Structure formats: structure tokens, C-alpha cells
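# Architecture and fold: a report
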Amino acid sequence: MPRFLNESGDSIPAFSLYLSLNFIFMGSIIDIPDFRLSPVVDQVGIEERISRFTARSIKKASKVQALKLTLTMIDLTTLEGKDTIGKVKQMCYKAAHLCDQLAGIPTVAAVCVYPTHVRTAKKSLEGTGIKVASVATAFPSGNSTRNIKIEDTKYAVAEGADEVDMVISRGEFLEGNYNFVFDEIAAIKEACGKARLKVILETGELSTLDNVRRASDIAIYAGADFIKTSTGKISPAATMPVTLVMLQAIKDYYSKTGIMIGMKPAGGISTAKLAINYLVMLHETLGQKWLSNEWFRFGASSLANDVLMQLGKETHGVYQSKDYFSND
Amino acid sequence: MERIEVLKTYKLYIGGTFPRTESGRYYQLMNSKKEIIANVSLGSRKDFRNAVVAARGAFGGWSARAAFNRGQILYRIAEMLEGRKEQFVNELVQQGIKKTAAEDEVKKSIDRLVYYSGWCDKFITLFGGVNPVASSHFNFSVPEAMGVVAIVAPENSGLLGIISVIAPCIAGGNTCIILASEKLPLCAVTFAEVLATSDVPGGVVNILTGTSKELHSHFSNHMDVNAVVFCRDDKAERKAVAENGALNVKRIYFWDKDWNKDESENPYLIMDLQEIKTTWHPIENIGVGGAKY
């Protein structure tokens, strides 16, 4: 948790942050910018840039490597009211054994579940190195009191979650209460302890790319380890334009402070081809350093099978069928 | 000012839309006087891959439709074809078929659709049945659609050939991808326009143009294809298709028929593309235990 200090070095409560304040992170002083002045986004420019990313030709060995990298970046997700212990166990098995009949298939990065299923997932994944991520803070709407959100987070962490995916209060954000959103994220970050915090902006509800950029800046400065596009419950979920805007926010923060922030597009990425487009965008925006599951994740449930089918095609030379891959 | 005639671009038919081939390639179709009459898409394996995705997506809905409704839709195709007879006759003539033969072929094509339309809700009753078994079970067998069928259409029959293989396939609830005749591809593409306006859901029939030489192996080794119907003569291609089919135990059929003949339309072609499902339903064995109605 970054400590908030005023210029004379006294610790101050987060809710009283004002424009000219700064905080100290790993010995360097970081200014908190005025979020009303977040850079505006050129939507036409963003779309033009995306159209270039999707036109790259990725062949043979590079494609196989990109597909395997994609698998290692997946947060295999089940976030449904009907989730059962059995379903979670089954998904955890799949996370560790994506496709045993193909050689050299890595595991996914993490599984993502509701807090009540963290313990089951943790136990099922023992010894695999796969992380357990838990959504928290009244997911997916985020409409609850600060205390309940903090309790929710603490519960998930106490159950063994390695990562916490929180949602921001979109209503407060859209009303312009940026300090409220900032303080909330900071408070959750504190409640996370050692767990890494992913902040879900739910870009499908933020209307404009300018808002996406502003919310990204708020989340990053408030202490997010990752920023994440969506809950997967709202359409549109992750799109390439919003992801590019968020990557640019990460890039600006990195060039200003030298601190790396992770990115997680979630929802709607279900084909290998699209995933590779995202990797191209990631590489050409943030560079080689971000090309690992420490800094980039895909929140997805059906992506893994499509990637496996493409790897099967590369291995056996023939197009594959869903019939030969597990459902979950 | 003299008007410039607008020529049709012959494209593929995949998932209810008319895309160009992703490969961007084409071949020139010549008439007997060596004049170019059309540029035809030279479909690639990726077009086929996309078509399989479309056909698989459409399979659930199409096979779940009431058999009667499938019959109505096949009849609707015939209606639409009837209204565009002239166009098909002209196209056949353009490709070197004599006028009277062309008219005959178009009429036969329409009648063939009506023929299979009638079979849609009847073949199940005819080929399914109740089986006598030795235990207290009601045991019955019914034909069910196989799934996605890849068809390499007859080379020498541009319209009647393709309709003769599509109709039994979709009448039984399958979805399909068809490679049109290489030398007579125009009617296949125009027939796609008929399908697109006949209540046939997108993806149920997908039509590609191109060469069997290039595509036959992909048609037969794709793991998401359940059956292959091959209607060409090339021995080497037939062997390859049969071998590839073994990969995921596809059903492989070589339909060698003179499609002009009436006996080339029959419900056994529908049954070639059906699997038989047998169900054992436990019942009280009336009479044995002294029970009565």
C-alpha cells in the first residue's frame, strides 16, 4: 500500500487528497494528478490504430508461441449464480490439465471464482502453481457500502485468494465523485494485503473512451496492480479500443514513474485469433516486458478451448472439432 | 450515352452471406468460343474452415426444426427457383448447355426439390420403427441427422447435380458445405441467391467454388465434419478422401449417379446421411404380471 504523505512528510487520510499532493512509492515521489484533466482520447485515431493491429500476419512458429503464451495468460473464469463446488473443482482440474493429449501445453495463469469458492479452488490447485483470483466488493454491480466491500475483500483473502478482482462504483464515477472512487480503491488495496489487486472499470458502463482513460488513471494512482476492462456481465465487455486506451494509461504511468501496471481484458475474447490480436496490441504498445502472465491476463472461459483447437491444428495438421475437447 | 452493363460478381455463400474468398484468388471461366464469361472465386481451405464453423453453428437449430417445417422450407426453395427459371436457363446456355437441355434441367431441379420436400416428414416414419425385445421395454429406432456434411458436387451437372445432393442432405436435418462444379459453377452461386431468399437459415447450406484437387483433402480431414459425399471420378482423390475419413470415422459416400434419371432421387440418399438412434424405454409388460388396462 503506498503511503499518502503531504509535502512535509506527514501521513494524511486518503479522502483528503487534493490536487498538488503526492505520495511516495519505493522512495520516489509521485504526484497525484487532477483526474479531471486526464488526457482526452482521439477515438478515430484509436480505431485506426486497432485496424492496423488486426492486420498483422502471424505465421507458424510465432503463432504457436503466441497461442501457448495466450494459454499461460488465461484467468479461467466461472462467475455464475449456479456455480457449485463440483463445477469449481472441475474447472480447476481443467486449469491444470488443459489438454493432456497434446504435448507441451502449459497451465493457465489463474482461476477466477466468487469468494465462497476460493477455498475449494485453492485446495484443488495445490502444488500446480496456478493462482486463485477472487472477485470481491459486491461483484458485479459494486453497489454496497464501503465496509461490506472491505469485509468481502478480507474474506476472499483470508480464504486464500492470491488476487482480488474488485469493481469500481460506476455510479459515483459517472457523477464525477472521483475522490470517492479513488479512496474506495485505496481502501480495498489496503484490505488486500499481499494479494494483487485487479480493478475492474466495467468499461461497458462508462460510455466514452475519455471516461475509460480517466477511470484507468484513478485506478492506477489509487494502487491497482492490474486494471481490468469488464465483469463479463455487461455487453459490450472487453473491446480492443478500450483495451488500447487502458494500455496507454499504463504506458503513461510507466514512463512517468517507472512502475509497471498489469492489464486484463475480460469477457468477449473467445477466439485464438482475437487473442493474438490483443497480444500484438500489447507488444506494440507496452513492449516485450509486458508479455508474461505477471503483467497481462485474459479473463475468459471459452478462449482456452479455441486456442487448444488451433494448437491441435498446428500439431496434427487438420482442423479440430469441439467434440474432442472438454466442455469446461 | 451508352449504358455499361453491370456484371455479377460470383462470390461464395457462407453463413448466409456472400463473401469473396479470403484468399483473393479467382479463375476465369471460358465459354466454347474461348471468351471469358465470368471470374469465379477460387475458394481456399480457410473459406472451407469458415464454412464449417457456419454449418456447425446452424446445425442445432436446423436439425431441431419440425420435419414438417423443413419440408415447407424446401418447397419454398422450389417456389423461388420456379420464379427465376429464365435466369438459370440463360446461365446454363452461357456455359455451353443446349437450350432445350437447359430448360429440362431447370424443371427437373425444381421438381427434385419438391420431391425431397415431401419426404422431410415421412422418411422417419418409414425407416424408423418399433423393435420387438425380450424384456419389459418399449424399444424404438429413429433416424437422426448426422451433423455437418461436406459435399463435393458432381462435375458435369451445374444445377441439377448440386440440387440433387443438397436436397437429401438438408431434408434430413443436416447442414452442409458444397464445392460446386469447377467447369459449371455459375448456377451454384445463383442458386445460393435462391437459398438466401427462401427462409433457409444462414449456415445450413454453404457453397464454395474452386477445385476439388485443392480442397478434397480438407473436406475429408476436418475433424468437425461428420460425413463426406464425393461425386467426382478422380481415383486418387477418392482414395485420399476415404483414407482421411478414417481419422474421425466420418461416413464417406461416393454418389455416382446419372442425376438426370428419376431413379437418382430416392429416400435412401436421405438415409445415407442419418444415424439410427435406438431408445429403450422401460414399461410395464402388460399381461405378464396379470396387470391389465
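All values derive from a computational prediction rather than experimental measurement.

## A short note on the interface of chain B and chain A
Taken residue by residue, the interface counts 9 residues in chain B and 8 residues in chain A. In total, about 820 Å² of surface goes out of reach between chain B and chain A, with carbon and sulfur atoms giving 52% of it. If you sort the residues of chain B by the area they bury against chain A, Arg 45, Arg 49 and Met 223 of chain B come out on top, with a joint share of 49%. There are 0 salt bridges connecting chain B and chain A. Where chain B meets chain A, there are 3 residue pairs in polar contact (both at pLDDT 80 or more). Counting residues per element, the side of chain B that touches chain A draws most heavily on helix α1 (residues 45-64) of chain B, which supplies 3 residues. Here the side of chain B that touches chain A is built from residues that sort into 2 nonpolar, 3 polar and 4 charged.

## Details of the pattern of salt bridges
According to the stated counting rule, one finds 36 salt bridges over all chains in the structure shown. Here Asp 162 of chain A ties to Lys 122 of chain A by a salt bridge, and the two come within 3.1 Å at their closest N and O atoms. Linking Asp 162 of chain A in the loop between α5 (146-159) and β7 (163-167) with Lys 122 of chain A in helix α4 (residues 118-124), this pair joins segments that are 40 residues apart in sequence. Classification of Asp 162 of chain A by relative accessible area gives partly exposed; the value is 23%. Given the relative accessible area of 32%, Lys 122 of chain A is considered partly exposed. Put simply, Asp 104 of chain B and Lys 108 of chain B hold a salt bridge, and the shortest N to O gap is 3.4 Å. Of this pair, Asp 104 of chain B and Lys 108 of chain B both sit in helix α4 (residues 99-119), 4 residues apart, which is roughly one turn of that helix. What makes Lys 108 of chain B partly exposed here is its relative accessible area of 22%.

## Considerations on the nonpolar core
In terms of nonpolar packing, the biggest core is built from 96 residues, with Val 111, Ile 185, Val 199, Ile 250, Leu 282 and Phe 298 of chain A touching the most fellow members. In this structure, Ile 185 of chain A is in contact with Met 166, Ile 168, Leu 197, Val 199, Ile 218, Ala 219 and Ala 222 of chain A, ignoring residues within four places of it in sequence.

## A short note on the sheet that holds strand β7 (residues 205-208) of chain B
All names here are of chain B. Strand order in the open sheet formed by 5 strands is β7-β6-β5-β8-β9, with parallel pairing between adjacent strands. The sheet terminates laterally at β7 and β9 (251-254), the two strands that pair on one side only. Strand-to-strand, the axes of this sheet are offset by a mean angle of 15°, without reference to chain direction. Pairing analysis gives 4 bridges linking strand β5 (residues 148-152) to strand β8 (residues 227-230), with the strands arranged parallel. When the bridges of β8 are listed, Ile 151 appears paired with Val 229. Sitting on the sheet, α1 is in contact with β5, β6 (175-179) and β7, with an inclination near 150° to β6. Packed on one face of the sheet, helix α6 (residues 160-171) meets β5, β6 and β7 and runs near 165° to β6.

## A few points about the sheet that holds strand β4 (residues 137-145) of chain B
Residues and elements named next belong to chain B. Read across the sheet, 3 strands follow the order β3-β4-β10 without closing on themselves; strand pairing throughout is antiparallel. Strands at the two margins of the open sheet, each flanked by one partner only, are β3 (129-131) and β10 (274-282). In this sheet, adjacent strand axes meet at a mean angle of 30° when their direction is disregarded. Here β4 pairs with β10 via 9 bridges, running antiparallel. Among the inter-strand pairings, Glu 144 is bridged to a residue of β10, identified as Glu 275.

Analysis parameters
- Residues numbered from 1 in each chain as written.
- Chains lettered and ligands numbered in written order.
- Predicted model: local features only at pLDDT ≥ 70, side-chain atom pairs only at ≥ 80, totals over all residues.
- Heavy atoms only, no water.
- Contact = heavy atoms within 4.5 Å.
- Buried area = accessible area lost by both parts, 1.4 Å probe.
- Salt bridge = Lys/Arg side-chain N within 4 Å of Asp/Glu carboxyl O.
- Polar contact = N/O pair within 3.5 Å; in protein donor to acceptor, adjacent residues only side chain to side chain.
- Helix = DSSP H or I, 4+ residues; strand = E, 2+ residues; numbered from the N terminus.
- Nonpolar A, V, L, I, M, F, W, Y, C, P; charged D, E, K, R; others polar.
- Buried < 20%, exposed > 50% of the residue type's maximum accessible area, 1.4 Å probe, protein only.
- Core = buried A, V, L, I, M, F, W, Y, C linked by side-chain atoms within 4.5 Å.
- Pairing = 2+ DSSP bridges.
- Axes fitted to C-alpha atoms, helices over the stretch in contact; angles between N-to-C directions.

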